[in-house]
Amino acid sequence: MQIDKTKPVLVTGGNGYIASWIVKYLLADGVDVHATVREPNNTAKTGHLLKAAEGTRGKLTLFKADLLKDGAFDAAMQGCELVIHTASPFVIKGLKDAQKELVDPAVMGTRNVLDAANRVASVKRVVLTASVVSVYGDAQDMHTQGLKAFTEAQWNTTSSVSHQPYNYSKVAAEKVGWDIVKQQTRWDFITINPGLVLGPSLTTASDSTSLSTIKELADGTLQTGVPNMEIAIVDVRDAARAHILAGFTAEASGRHLAVSESVTMWQLVQTLKARFGSGYRWPKMVAPKLVVWLMAPMAGYSRRFAARNVGWPLRFDCSYIQKDLGLKFRPVAETVGDHFQQMLDDGVLKPR
Ligand code: NAP
């Protein structure tokens, strides 16, 4: 599907951590952007987008839209051939009602955006920010399925509202997308399935778990020890570029896992420590699995999560995205180093 770059692109949740980079790159490339946000007049949440628009050839227009409000995206979608749907909560800890806080906005929101695509005749392609957690629920699934690495052929079948609800919200939302696209032929549907997205943030006002992950490695939260867990990382700038490539590469199709490298949390700490020195409250050790299992509820996780994720390798075969979209990944050391530096520059993190 050929997308006309002179038409505006709709980015839902345009002020989010990943979306802000998508918006910034589009504007810098001279593409007009319709960005939906929940609070267009809250400059704490949108100021960085207005700044990103300064001096670019692309024009930014903000629209108010809530995922749970029927018809909320129609106005912003008018005239757009490409819709990039990123809006969805990425919160893992402190949930009181996972159905309401995560699953409803992810699933009903995706349905809402795609129903709008069915009504707005200009739309030709929808790119969804899915996740690696649409292909797996817990790291142990790789072992159970006898895999050396997950590919785009797998689906997460082990998450539910009560176990790994964020992962469940992502797989349920992606499935809604693949179901709805089949019912028509005017627009096609592509997913980007990133691993944990890290790298410098253009905003400090996001609730994304990505932003707390790096902070907690240095602010003492994990000082007694990190679990022996692998995390599959991708740079926020690469994840953003992947969405844009998916949008404008005419022959692109399907799901796209996006992971640069899987590294352990301990390796991440060593990488950061080597660059930023010992003046932070780094984790002192890798905590034994039994200790992590016992302490999990106090840290906001279930024991089942600990049992099924600590000590299990987590690998992804990302050859498809490199072939289909021509994407090259930044090394993780650069990603986390740039992320840490941004947090220092923005005063989010301070040496002890
Ligand atoms: P983020 O900064 O928290 O962005 C989430 C966006 O969704 C925000 O713009 C937020 O708006 C919006 N949103 C949440 N609930 C909404 C609702 N009810 N109505 C309208 N908008 C709503 O998080 P992010 O990390 O950039 O995540 C963006 C997308 O990437 C999500 O789909 C997430 O699942 C996916 N993803 C993230 C990662 C990662 O590691 N970060 C990895 C894979 C996939 P407000 O600012 O108003 O809250």
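Residues numbered from 1 in each chain as written. Predicted model: local features only at pLDDT ≥ 70, side-chain atom pairs only at ≥ 80, totals over all residues. Heavy atoms only, no water.

## Topic: the packing of helix α9 (residues 265–276) against helix α13 (residues 332–345)
The geometry of a pair of packed helices is captured by two quantities: the angle between their axes and the separation between those axes. Between α9 and α13, the shortest axis-to-axis distance is 10 Å and the interhelical angle comes to 60°. Between α9 and α13, the crossing angle belongs to the class labelled oblique. Where α9 crosses over α13, the two elements pack in a sense that is right-handed. Listed contacts from α13 to Leu-268, Thr-271, Leu-272, Arg-275 and Phe-276 of α9 are Val-332, Ala-333, Val-336, Gly-337, Asp-338, Phe-340, Gln-341 and Leu-344. Here the contact of α9 with α13 is built from residues that sort into 8 nonpolar, 3 polar and 2 charged. (Axes fitted to C-alpha atoms, helices over the stretch in contact; angles between N-to-C directions. Helix = DSSP H or I, 4+ residues; strand = E, 2+ residues; numbered from the N terminus. Parallel < 35°, antiparallel > 145°, perpendicular 65-115°, else oblique. Left-handed = near helix turned anticlockwise from the far one by under 90°. Contact = heavy atoms within 4.5 Å. Nonpolar A, V, L, I, M, F, W, Y, C, P; charged D, E, K, R; others polar.)

## Focus: the environment of Tyr-168
Looking at the secondary structure, you find Tyr-168 in helix α6 (residues 165–181). For the pair Tyr-168 and Thr-158, spaced 10 residues apart in the sequence, the C-alpha separation amounts to 8.3 Å. Ignoring anything within four residues of it in the chain, the contact list for Tyr-168 reads Val-103, Asn-156, Ser-159, Ser-160 and Val-161.

## Examining the layout of surface pockets
Space inside the second largest pocket adds up to approximately 300 Å³. What lines the second largest pocket is a set of 16 residues, and nearest its centre among them are Ile-92, Leu-95, Gln-164, Pro-165 and Gly-300. Among the elements that make up the lining of the second largest pocket, the one with the highest residue count is α6 (3 residues). The residue inventory of the lining of the second largest pocket, partitioned by class, reads 8 nonpolar, 7 polar and 1 charged. (1 Å grid on protein atoms, 1.4 Å probe; cavity = no way out; pocket = protein on both sides within 12 Å on 5 of 7 lines; lining within 4 Å. Points joined across faces, edges and corners; volume = space filled by probe spheres on them.)

## Focus on the sheet that holds strand β1 (residues 9–12)
Strand order across the open sheet formed by 7 strands is β3-β2-β1-β4-β5-β6-β9, with parallel pairing between neighbours. A strand with exactly one partner marks an edge of an open sheet, and here the two such strands are β3 (60–64) and β9 (254–258). Across the sheet, the mean angle from the axis of one strand to that of its neighbour is 20°, orientation sign disregarded. With 5 bridges connecting them, strand β2 (residues 33–37) and β3 associate as parallel partners. Its bridge partner being in β3, Val-37 is matched across the sheet by Lys-64. Along the sheet, helix α4 (residues 98–119) makes contact with β1, β4 (82–85), β5 (125–129) and β6 (188–194), crossing β4 at roughly 175°. Together, β5, β6 and β9 form the strand contacts of α6, whose direction differs from that of β6 by roughly 160°. (Pairing = 2+ DSSP bridges.)

## As for helix α2 (residues 43–53)
Of the positions making up α2, those classed as buried are Thr-46, His-48, Leu-49, Ala-52 and Ala-53. When α2 is viewed along its axis, its buried side chains cluster within an angular range of 145° and face the same direction. Set apart from the buried face of α2 by more than 90 degrees, the exposed residues are Thr-43, Ala-44 and Lys-51. For α2, the side-chain oxygen to backbone nitrogen distance between the N-cap and Ala-44 is 3.0 Å, and the N-cap itself is Asn-42. Note on α2: the residue one or two positions beyond its end, Gly-55, has a positive phi of about 70°. (Buried < 20%, exposed > 50% of the residue type's maximum accessible area, 1.4 Å probe, protein only. Arc of directions from axis to C-beta. Polar contact = N/O pair within 3.5 Å; in protein donor to acceptor, adjacent residues only side chain to side chain.)

## Regarding unusual backbone geometry
Positive phi, close to 55°, is recorded for Gln-164, a residue that is not glycine. A residue is classified by how much of its surface remains accessible, and Gln-164, at 15% relative accessible area, is buried.

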